[in-house]
Amino acid sequence: MTVYGQQGRITSGGFSMERSEAKTSVLVAAQTEKTAVQIRNILPAGFGRVSFTDSLTAARQKLAEEPMDMLIVFLPLKDCTGLDAVVDLQMKYPMMGILLLVRSEGYEQTVYRVQDAGIMVLERPISTMTFQQTLNIMNTMRKRVAALSRENDKLRKKLDDERYISRAKGLLIEKGLMTEQEAHRYLEKQAMDNAISKKEIALRVIRDSGRIVTSVKS
């Protein structure tokens, strides 16, 4: 059986929903498929591929196979008596935004338990506007954190490359009797002639000098 939503469909066989125009992937964990459809139908614009699981165990398996941008958990779930499993998922997938939808009687305790992990909590019942605004804010923050993480990775790689290049320059000056400018030109020319990076040439220079290089990431 296929249940059609307002802007897509959810297939009970594969538990997957699609919105071709959107980009942000979402995993909905809820006890029933009907709840997942309701959540899916009020997702804000810009949210796309949506999958459904009925337990955190299944969600964990799904995420291991296919990373998602957002996880929306409609509590309680059949296999979730505590919140440790949700916190564990956030720690394992720090770039994924997690939103918990909880009953009013458990709201304050849930916030207390998960707020330090960066997990958002909304109290049910909730208006569509509040739900959409919360998801949009979470998605914006998630993208900013991901962008900062990529920039940090680039910076770390650049600093790592410069460390080996500087060491190779020092060896060329020491053993090859070159000036700093000559050593710089030598590394650039070798990299160009061999169509490889300056870091790779630097590592060759270091190895040829008899120095041992460990823990090198290309």
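Residues numbered from 1 in each chain as written. Predicted model: local features only at pLDDT ≥ 70, side-chain atom pairs only at ≥ 80, totals over all residues. Heavy atoms only, no water.

Student: Lay out the environment of aspartate 79 in plain terms, naming residues and giving numbers.
Tutor: In this structure, aspartate 79 sits in the loop between strand S6 (70–74) and helix H3 (84–92). A relative accessible area of 33% places aspartate 79 in the partly exposed class. For aspartate 79 and leucine 56, which are 23 residues apart along the polypeptide, the C-alpha to C-alpha distance reads 6.7 Å. Excluding anything up to four places from it in sequence, aspartate 79 contacts Ser55, Leu56 and Thr57. (Helix = DSSP H or I, 4+ residues; strand = E, 2+ residues; numbered from the N terminus. Buried < 20%, exposed > 50% of the residue type's maximum accessible area, 1.4 Å probe, protein only. Contact = heavy atoms within 4.5 Å.)

Student: Lay out the packing of aromatic side chains in plain terms, naming residues and giving numbers.
Tutor: Summed over the entire model, instances satisfying the criterion amount to 0 aromatic pairs. The ring of phenylalanine 74 has arginine 124 sitting right over it, with the charged end atom 3.9 Å from the ring centre. Seen from the ring of tyrosine 164, arginine 163 lies directly overhead, with NZ or CZ sitting 4.6 Å from the centre. (Phe/Tyr/Trp six-rings, centres within 6.5 Å; stacked < 30°, edge-to-face > 60°. Lys NZ or Arg CZ within 6 Å of the ring centre and 35° of its normal.)

Student: Go over the nonpolar core with me, naming the residues and quoting the values.
Tutor: Most often, soluble globular proteins keep nonpolar side chains buried together rather than apart. Within the largest apolar cluster, 22 residues are counted, with the highest numbers of intra-cluster contacts made by Val73, Ile98 and Leu100. Only strand S4 (24–29), helix H2 (56–65), S6, H3 and strand S7 (97–103) provide two or more residues apiece to this core. If we ignore the near neighbours within four places in the chain, the residues touching leucine 100 are Val73, Leu75, Leu83, Val86, Thr110, Val114, Ile119, Met120, Val121 and Leu122. (Core = buried A, V, L, I, M, F, W, Y, C linked by side-chain atoms within 4.5 Å.)

Student: Summarise the side chain of asparagine 139; cite the residues concerned and give the values.
Tutor: When you line up the elements, asparagine 139 lands in helix H5 (residues 128–175). Using a relative accessible area of 6% as the deciding quantity, one classes asparagine 139 as buried. Other than its neighbours up to four places away in sequence, asparagine 139 contacts Thr24, Phe47 and Met70.

Student: Talk me through the pattern of salt bridges; I want residue IDs and the actual numbers.
Tutor: Scanning the entire structure with this criterion turns up 11 salt bridges. For aspartate 69, the salt bridge is made with arginine 142, and the minimal N-O distance between the two is 3.4 Å. One end of the pair, aspartate 69, is in the loop between H2 and S6; the other, arginine 142, is in helix H5, with 73 residues separating them in the sequence. What makes aspartate 69 partly exposed here is its relative accessible area of 22%. Here arginine 142 falls in the buried class, since its relative accessible area comes to 13%. When salt bridges that share partners are traced, they join Lys157, Asp160, Asp161, Arg163 and Lys199 into one network. (Salt bridge = Lys/Arg side-chain N within 4 Å of Asp/Glu carboxyl O.)

Student: How would you summarise the environment of methionine 96 if you had to cite specific residues and measurements?
Tutor: Mapped onto the fold, methionine 96 is located in the loop between H3 and S7. Judged by relative accessible area, methionine 96 falls into the buried class, the value being 3%. Placed 43 residues apart in sequence, methionine 96 and asparagine 139 show a C-alpha to C-alpha distance of 9.2 Å. Excluding anything up to four places from it in sequence, methionine 96 contacts Leu63, Met68, Asp69, Met70, Leu71, Leu89 and Gln90.

Student: I'd like to hear about H2, residue by residue, with values.
Tutor: Those residues of H2 that sit buried are Leu56, Ala59 and Leu63. When H2 is viewed along its axis, its buried side chains cluster within an angular range of 50° and face the same direction. The exposed residues of H2 that point more than 90 degrees off its buried face are Ala64 and Glu65. Packed against the buried residues of H2 are S4, strand S5 (47–53), S6 and H3. (Arc of directions from axis to C-beta.)

Student: Tell me about unusual backbone geometry, residues and numbers included.
Tutor: For the bond running from leucine 75 to proline 76, omega is 5°, close enough to zero to count as cis. Within the fold, proline 76 resides in the loop between S6 and H3. Of note, the bond from arginine 124 into proline 125 is cis; its omega dihedral lies within 30 degrees of zero at -5°. If you check the backbone angles, alanine 195 has positive phi at about 55° while not being a glycine. By secondary structure assignment, the location of alanine 195 is in the loop between helix H6 (180–194) and helix H7 (198–208). Overall, alanine 195 belongs to the exposed group, its relative accessible area being 71%.

These figures capture arrangement, not role.
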